[in-house]
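# Residue-level structure breakdown
The lines below spell out each chain.
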Amino acid sequence: METKSPALKSYINDVPDFPKKGIIFKDMTSLLESPEGVELCLEALLSPLKNKQIDKVVAIEARGFFFGMLLARALKVPFIPVRKPGKLPRKVLRQSYDLEYGSDVLEIHEDAIKSGDKIVIHDDVLATGGTAQAVCEMVKSLGGQIVQCNFIMQLDFLEGAKKLAPHTIFSAVNY
Ligand code: AMP
């Protein structure tokens, strides 16, 4: 059974007007500083994955890497990083996606996912959903099957879940 973890909110700080005016930044560094908080968060993120076959965890640079790697370690499966352009050394698949102003690009190693691999995509925050949607497209075009998009936090008012439909979403806490 999946377990939401509202207690996690006590480890996450709101930082107003960061990185720019009007944004309330969800700061997870205080969570990383707490071994109890990390344990609680990892348990919550693992809870919906129990009894599911997962072949690989795909996580998004940079804050997705912290718990993405812990998830992969706990599930005993490979960890696949999705990175900003020019960071990955082997042949990459590139995906551009729209931001509020302008666009951005992400890359994944082309040989990191095999056709039929069952994939969990992980990031820290689901906001508008544009980033995770771009990663879903990459995973699908390499033949991966998305089992779940898994987040620590979901900002419900930005309706990212709609963008990720019909994929299954889990977030440990909602705002
Ligand atoms: P989006 O593509 O709009 O869903 O944005 C998701 C990405 O932006 C994630 O990688 C988050 O790390 C980051 N992000 C968006 N909004 C916030 C926020 N309020 N606090 C912290 N990180 C955020």
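Structural data are supplied above this passage.
Presented here is an overview of the structure given in this document. By convention here, each chain's residues receive numbers from 1 onward along its written sequence. Only residues with pLDDT of at least 70 are given local features in this predicted model, and only at 80 or more are side-chain atom pairs given and counted; all residues enter the totals for whole chains, interfaces and linings. Side-chain numbers here rest on the full set of heavy atoms in the structure, without hydrogens or water.

### Overview of the site of the ligand
Around the ligand, a shell composed of 13 residues is seen, among which Asp123, Asp124, Thr128, Gly129 and Thr131 lie nearest. At 2.7 Å, a side-chain N or O of Asp123 approaches an oxygen atom of the ligand. The side chain of Thr128 places a nitrogen or oxygen atom 2.5 Å from an oxygen atom of the ligand. In the complex, the protein chains occlude 81% of the 480 Å² of accessible area that the ligand would expose alone. We call a residue near a molecule or strand as soon as one heavy atom of that residue lies within 4 Å of the molecule or strand. Here a polar contact is taken to be a pair of N or O atoms separated by no more than 3.5 Å, where protein atoms must pair a possible hydrogen donor with a possible acceptor and residues adjacent in sequence count only if both atoms sit in side chains. Working definition of accessibility: Shrake-Rupley area with a 1.4 Å probe, residue cover restricted to the visible protein chains.

### What about the packing of aromatic side chains?
Note on ring pairs: Phe, Tyr and Trp rings are taken, using the six-membered ring of Trp, and paired if centres are within 6.5 Å. Classes follow the plane angle, with under 30 degrees stacked, over 60 edge-to-face and the rest tilted. Considering all chains together, one arrives at two aromatic pairs under this definition. Arranged with centres 5.7 Å apart and planes meeting at 80 degrees, the rings of Phe65 and Phe79 form a pair that is edge-to-face. Separated by 14 residues along the polypeptide, Phe65 in helix 3 (residues 64-75) and Phe79 in strand 4 (residues 79-82) bring together distant segments of the chain. For a ring to carry a charge above it, either NZ of a lysine or CZ of an arginine must fall within 6 Å of the ring centroid while also lying within 35 degrees of the normal to the ring plane. Its end group placed over the ring of Phe170, Lys4 keeps NZ or CZ at 5.4 Å from the ring centre. One cation-aromatic arrangement involves Lys26 over Tyr175; the distance from NZ or CZ to the ring centre is 3.7 Å. The secondary structure listing takes helices from DSSP runs of H or I that are at least 4 residues long and strands from runs of E that are at least 2 residues long, numbered from the N terminus.

### Considerations on the nonpolar core
Note on terminology: a nonpolar core comprises buried Ala, Val, Leu, Ile, Met, Phe, Trp, Tyr and Cys residues joined through side-chain atoms within 4.5 Å. For every residue, the accessible area obtained with a 1.4 Å probe (protein chains only) is divided by the maximum for its type, and the residue is called buried under 20%, exposed over 50%, and partly exposed between those limits. One finds Leu8, Cys41, Leu45, Phe67, Leu71, Ile152 and Met153 to be the most contacted residues of the largest nonpolar core, which totals 25 residues. When residues of this core are traced back to their parent elements, those giving at least two are helix 2 (35-46), helix 3, strand 7 (118-126), strand 8 (145-154) and strand 9 (169-174). Ranked by the residues each element gives to this core, the list is headed by helix 2, at six residues. Setting aside its immediate chain neighbours within four residues, Phe67 contacts Met28, Leu31, Leu32, Val38, Cys41, Leu42, Leu45, His122 and Ile152. One finds Val58, Ala132, Cys136 and Met138 within the second-largest nonpolar core, a separate group that totals 23 residues. In this description, contact between two residues means that some pair of their heavy atoms is separated by no more than 4.5 Å.

### Some words on the pattern of salt bridges
Pairs can form between side chains of opposite charge once their charged atoms are near each other. By convention in these notes, a salt bridge is any Lys or Arg side-chain nitrogen within 4 Å of a carboxyl oxygen on Asp or Glu. Evaluation of the coordinates by the stated rule reveals ten salt bridges. The salt bridge involving Asp117 is made with Lys56; its shortest N-O contact spans 2.5 Å. Here Asp117, found in the loop between strand 6 (103-109) and strand 7, pairs with Lys56, found in strand 3 (residues 56-60); they are 61 residues apart in sequence, far enough to count as distant. Per residue, the accessibility class of Asp117 equals that of Lys56, and both read buried. Residue Glu159 pairs with Lys162 through a salt bridge whose shortest N-O separation is 3.4 Å.

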